[in-house]
Amino acid sequence: MFVRQFYIANAGFFLLVIGFAGGFMRSYDHIALAEFFISTPALVTLPITMWLLYALMMMNFNQETVRQKENEFIYCFIILPIVEQWWMVVRVVTIQLLPVFLYAAFLCLIGWKHGLIYSVVTIAVGIMLVVTISACHFRWWLHHPNYEAKTWLISRFLNPRLTRPFPLFFIEWIVRKDLAMLAGSKIFSGLIIWGTTALYKTDTYDVKLLSIGILIAVTANAGIILSVHRVENFHLHFVRGLPIPFLRRVSSILISFAVLLLPETIILAKNFPAELPWIDCVNVISFLFSIPIFFYGILYVKDRNQDEIMPIVFYCVIGWFVLILFNAPPWLLGIVNAAAGIMLWKKFYYSFEYQTRQTPRAKNQTGLLSE
Amino acid sequence: MVKIINFSKRFSGELIVDIPILELSSGAYWIKGDNGAGKTTFFRSLAGLIPCAGDVEFEDGVSLKHSPIQYRKRVAYAEAEPLFPPYLTSKDLLSFVAKARNSAPVQLQLLTKKFGIDQYREKSCATYSSGMLKKLSLAIAFLGSPKLIILDEPLITLDENAQTILTAIIEEYIRDQQATILLSSHHLLENTELKIEKSFTIKDKILIASDPA
């Protein structure tokens, strides 16, 4: 329940790390990086900070899992003998922290080889710290599963002054419940767009390169698009029963997308290559917004979970990539994508049925009581 | 008058409920059935929340399949165990639904006052008790001018006072708007002041008229 589901729920994250570490970095890059980390005890704090962030992600998962209604049976944990409680808690966090232990062991090995005892000791202390914090946090939540939900200070300030507009329902959910994914996607897509526009300073390229950059950047937002779809059809499913015209439904979601894609749009507009005509900026932005619309339409054709939708995303990206290489103008791709997405969305909206056959991550994020 | 024609609902090919024809005029109807009989599925299908086979039609021809927006203007649904995003306040939810259902501000104020949720309007749903969430869900269901109001287990988690208020509101909607109210409840509705027109039981995937209430 805690270990297997944790790894399944964060499979995307682990795949990204494996892809980055195995795809971009060669073995001597890993060794060089490890030697840099362990060169002084101060620098060792960098990987330890990363491990603490990993532990935070893990603690959040454990906390949400404990608070789920279907897991109420676990409340009887407190009647177990203390020793057994700690044994169980430490065992769970240890297995969840396995990737951390493996990298720590690698760092220790390199440190030992170079005789950097202080760095090795710092790593050991860091690992003990991570395990202790994670275990104590986990045990605390097992003892306080019904911990009273606190309202954020900002909510206490805003609630009397603001009536949330409908598009904010989605944005707020993603910011509150999918913050790690949101931040990761934005950092990745922002870097891709920034990096692509920077290439124009080194050589002469046409708009194709920028279009490919946009394509990769927006595809990194696939998780956010899935999240918006889940919020609309699971957490706000009552909205389907309201007499809202299709255009108003679509515009609400499009406003949410516009806000969620604002960082990419700003980065693109700010760093838009001077060599390209300004109209290309409008064209690539239209292409940028058309991709989530197309995927959103696809999501209404048939209920699919994350694992089932990813191959479709992959083939679409390949298709767009080829079309861009064959000089398909971004504005045309934008119009076709948006039109196809909205058509599918309209056609299948009322016949679509969202099953709770979701990915474990999505299930875990149905934590309905925590604010 | 609401007419349910050739209605059936399946999950993964398995038949859940099958209703060849059912006509309901104004009044309160009690839908009974064991746990898992398909009451909620039936209700959610009628409310347009999940797709189903067949159609549901009002006497002027407005139907679930052919006029989804008009149909949804006339149908409202309150869930048995309502859940709303925890960060939203009842003000956010009620304002949004009131706008969608063209409900007058005075109706919104009246309903929130009757259900006693007006003083919690600015608090987020995370701080609500299950009874408060239920009241919010019921207030949402009565917004606008629905002709078919579907209340799934409306009495659970409600205190006695709120039950009396709910009964009064149901009677008011039947009297003033000729509304059809569908209720499911494991409570004995005979013991309430609500006049039940007819009761039905979902058994073996079909709806059968049960003993008069």
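Residues numbered from 1 in each chain as written. Chains lettered and ligands numbered in written order. Predicted model: local features only at pLDDT ≥ 70, side-chain atom pairs only at ≥ 80, totals over all residues.

Per the secondary structure count, chain A includes 18 helices and zero strands. Taking the principal axes of the C-alpha coordinates as reference, chain A spans close to 65 × 55 × 40 Å. Contacts spanning at least 24 positions in sequence make up 86% of the contacts within chain A whose residues lie at least 6 apart. (Helix = DSSP H or I, 4+ residues; strand = E, 2+ residues; numbered from the N terminus. Contact = placed C-beta atoms within 7 Å.)

For the rest of this paragraph, the subject is the nonpolar core. In this structure, B:Phe142 and B:Ile181 are the most contacted members of the largest nonpolar core, which totals 110 residues. Ignoring any residue separated from it by four or fewer positions in sequence, one finds B:Ile181 in contact with B:Ala28, B:Tyr29, B:Ile149, B:Leu151, B:Ile170, B:Tyr173 and B:Ile174. Ranked by size, the runner-up nonpolar core spans 29 residues in total, among them A:Phe37, A:Val44, A:Ala55 and A:Leu116. (Core = buried A, V, L, I, M, F, W, Y, C linked by C-beta atoms within 7 Å. Buried ≥ 20, exposed ≤ 12 C-beta atoms within 10 Å, placed from the backbone.)

Moving on, we come to the pairing of strand β6 (residues 148–152) of chain B. With four of five residues buried, β6(B) is to be regarded as a mostly interior element. As for the winding sense of the linkage, the β-α-β connection from β6(B) through helix α6 (residues 160–177) of chain B to strand β7 (residues 180–184) of chain B is right-handed. (Right-handed = clockwise from strand over helix to strand, strands pointing away.)

Our focus in this paragraph is the environment of B:Asp60. Residue and element names in this part refer to chain B. Note that Asp60 resides in the loop between β4 (53–58) and α2 (68–74). Take Asp60: there are 10 C-beta atoms within 10 Å of it, and that puts it in the exposed class. On a C-alpha basis, the gap between Asp60 and Val2 in space is 9.7 Å, while along the polypeptide they are 58 residues apart.

Turning our eyes to something else, we now look at the confidence of the model for chain A. Residues and elements named next belong to chain A. When the pLDDT values of chain A are averaged, the result is 87; 92% of them are 70 or greater. Per-element averaging of pLDDT across chain A places helix α18 (residues 360–364) at the bottom with 49 and helix α17 (residues 330–348) at the top with 96. Low pLDDT, under 50, characterises residues 357–371; the predicted model gives this stretch 38 contacts beyond four residues in sequence or across chains. (pLDDT = per-residue confidence, 0-100.)

Attention now moves to the interface of chain A and chain B. The partner chain B presents 27 residues to the 28 residues of chain A that form the contact. No other element matches the five residues that helix α9 (residues 166–177) of chain A contributes to the side of chain A that touches chain B. Residues belonging to the side of chain A that touches chain B are distributed by class as follows: 13 nonpolar, nine polar and six charged. (Nonpolar A, V, L, I, M, F, W, Y, C, P; charged D, E, K, R; others polar.)

Structurally, A:Glu353 can be placed in the loop between α17 and α18. A:Glu353 sits in the partly exposed class, given 13 other C-beta atoms within 10 Å. In sequence terms A:Glu353 and A:Tyr300 are 53 residues apart; their C-alpha atoms lie 8.5 Å from each other. When sequence neighbours within four positions are dropped, the list of residues in contact with A:Glu353 reads A:Asp303, B:Ile50 and B:Pro51.

Residues and elements named next belong to chain A. The terminal C-alpha atoms of helix α11 (residues 207–219) lie 18 Å apart, and with 13 residues this matches the ideal 18 Å at 1.5 Å per residue to within 8%. Inspection of α11 places Val207, Leu210, Ser211, Gly213, Ile214, Leu215, Ala217, Val218 and Thr219 among the buried residues, and these make up the whole buried set. If you follow the buried residues of α11, they end up packed against α10 (179–199), α12 (222–235), α14 (262–270), α15 (278–301), α16 (306–325) and α17. (Expected span 1.5 Å × (residues − 1).)

For the rest of this paragraph, the subject is the packing of helix α6 (residues 98–113) of chain A against helix α7 (residues 117–143) of chain A. Think of two packed helices as two axes; the pair is described by the angle between the axes and how far apart they sit. All names here are of chain A. For the pair α6 and α7, the least separation of the axes is 9 Å and the interaxial angle reads 165 degrees. As the angle between them shows, α6 and α7 are arranged roughly antiparallel. As for how α6 packs across α7, the hand of that crossing is left-handed. Contacts between α6 and α7 involve Val100, Ala104, Leu107, Cys108, Gly111 and Trp112 from the first element and Ser119, Val120, Ile123, Ile127 and Val130 from the second. Looking at side-chain class alone, the contact of α6 with α7 contains nine nonpolar, two polar and no charged residues. (Axes fitted to C-alpha atoms, helices over the stretch in contact; angles between N-to-C directions. Parallel < 35°, antiparallel > 145°, perpendicular 65-115°, else oblique. Left-handed = near helix turned anticlockwise from the far one by under 90°.)

Here the focus is the environment of A:Trp87. Residues and elements named next belong to chain A. Examined against the element boundaries, Trp87 turns out to sit in helix α5 (residues 82–96). Taking the number of C-beta atoms within 10 Å as the measure of exposure, Trp87 has 12 and is therefore exposed. Residues Trp87 and Val17 lie 70 residues apart in sequence; the distance between their C-alpha atoms is 30 Å.

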